[in-house]
Amino acid sequence: AGLHPAGQIPADRFVDHAGRRYLLSGDHVRLLDDRRFVLLGRPSDCINTGGEKVYAPQVADTLRRHPGVHDALVLAAPHPRLGQTVTALVHLAPGTTTGHVLEHARAHLAGFKAPTAVISVSAIPRTDAGKPDLVAAHAIAAQHAGGTA
């Protein structure tokens, strides 16, 4: 399919319905009722760990709610049996440990959503635009796992 004239969005992502034009963003949501929903994330944000679906932004938001976490980034690390595991990079306040963060995650998330690895970093790697630098983050995770992540 071609690109929409407005930019780099594929034209097939736009649909017309009842005289209005809509963009199909690809975001996944959970409906709460007729008027409300929770934004879960995009398919690229989904970690498949042993058949369970984990949305990285949900886990990162939970980790950031810990008072000792300045910033967090959650990503998938490869796993030979589970396919992927949940890995978190966290920028911690002095006195906060990765154990504190893991306890917080286990108290606020389903067990399969809690990170299997929490890695303390001096800063979350980001691009010049401020978005997470996933290449650098995966390199950090791989180094932490001895090259297996």
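Residues numbered from 1 in each chain as written. Predicted model: local features only at pLDDT ≥ 70, side-chain atom pairs only at ≥ 80, totals over all residues. Heavy atoms only, no water.

So, on to the overall build of the protein chain. Along its length, the protein chain carries three helices and nine strands. Start at the N end of the protein chain and walk to the C end: the helices and strands fall as β-β-β-β-β-β-α-β-β-α-β-α. With respect to the principal axes defined by its C-alpha atoms, the protein chain has extents near 55 × 35 × 35 Å. Per-residue burial over the protein chain gives 33% buried out of 149 residues. Across the protein chain, contacts joining residues at least 24 apart in sequence account for 43% of those joining residues at least 6 apart. Charged side chains in the protein chain number 15 positive and 12 negative. The centres of these two groups are separated by 3 Å. (Helix = DSSP H or I, 4+ residues; strand = E, 2+ residues; numbered from the N terminus. Buried < 20%, exposed > 50% of the residue type's maximum accessible area, 1.4 Å probe, protein only. Contact = heavy atoms within 4.5 Å. Lys, Arg positive; Asp, Glu negative; His and termini not counted. Charge placed at Lys NZ, Arg CZ, Asp CG, Glu CD.)

Turning our eyes to something else, we now look at the environment of Gly111. Secondary-structure assignment places Gly111 in the loop between helix H2 (98-108) and strand E9 (117-120). Of the residues examined, Gly111 reaches a relative accessible area of 65% and is grouped as exposed.

Approximately 450 Å³ is the volume found for the largest pocket. Along the wall of the largest pocket there are 19 residues; nearest its centre are Ser44, Asp45, Leu73, Val74 and Leu134. Going through the elements one at a time, strand E5 (46-49), helix H1 (56-64), strand E7 (69-79) and helix H3 (134-144) are the ones with two or more residues in the lining of the largest pocket. By residue number, the principal contributor to the lining of the largest pocket is E7, which donates five residues. Residues of the lining of the largest pocket, tallied by class, amount to 12 nonpolar, three polar and four charged. (1 Å grid on protein atoms, 1.4 Å probe; cavity = no way out; pocket = protein on both sides within 12 Å on 5 of 7 lines; lining within 4 Å. Points joined across faces, edges and corners; volume = space filled by probe spheres on them. Nonpolar A, V, L, I, M, F, W, Y, C, P; charged D, E, K, R; others polar.)

Below, the discussion takes up the pairing of strand E8 (residues 83-92). Most of E8 sits out of view: seven of its 10 residues are buried. Joining the antiparallel neighbours E7 and E8 is a turn of three residues. Pairing of E8 with E9 involves four bridges; the strand directions are parallel. Looking at the pairing, Leu89 lines up with Ile119 of E9. What joins E8 to E9 is H2, and the crossover it makes is right-handed. (Pairing = 2+ DSSP bridges. Right-handed = clockwise from strand over helix to strand, strands pointing away.)

Attention now goes to the side chain of Lys113. Assignment of secondary structure puts Lys113 in the loop between H2 and E9. In this structure Lys113 is buried but unpaired, with Glu52 as the nearest side chain of opposite charge at 8.2 Å. (Salt bridge = Lys/Arg side-chain N within 4 Å of Asp/Glu carboxyl O.)

This part is about the nonpolar core. Core analysis: the biggest nonpolar cluster contains 20 residues, and Ile47, Val59, Leu63, Val74, Val86, Val90 and Val101 have the highest contact counts within it. At the level of elements, H1, E7, E8 and H2 are the ones that each hand at least two residues to this core. When sequence neighbours within four positions are dropped, the list of residues in contact with Val59 reads Val54, Val74, Val86, Leu109, Lys113 and Pro115. Within the second largest apolar cluster, eight residues are counted, among which are Leu73, Leu75, Ile119 and Ile124. (Core = buried A, V, L, I, M, F, W, Y, C linked by side-chain atoms within 4.5 Å.)

Bringing unusual backbone geometry into the picture now. Backbone geometry at Ala18 places phi at a positive 50°, although glycine is not the residue there. Relative to the helices and strands, Ala18 resides in the loop between strand E1 (14-17) and strand E2 (20-23).

Turning our eyes to something else, we now look at the side chain of His104. Residue placement: His104 occurs in helix H2. You can call His104 buried: its relative accessible area is 13%. For His104, the side chain forms a polar contact with the main-chain oxygen of Thr62, separated by 2.8 Å. If near-sequence neighbours (up to four positions away) are discounted, His104 is found in contact with Thr62, Leu63, Arg65 and His66. (Polar contact = N/O pair within 3.5 Å; in protein donor to acceptor, adjacent residues only side chain to side chain.)

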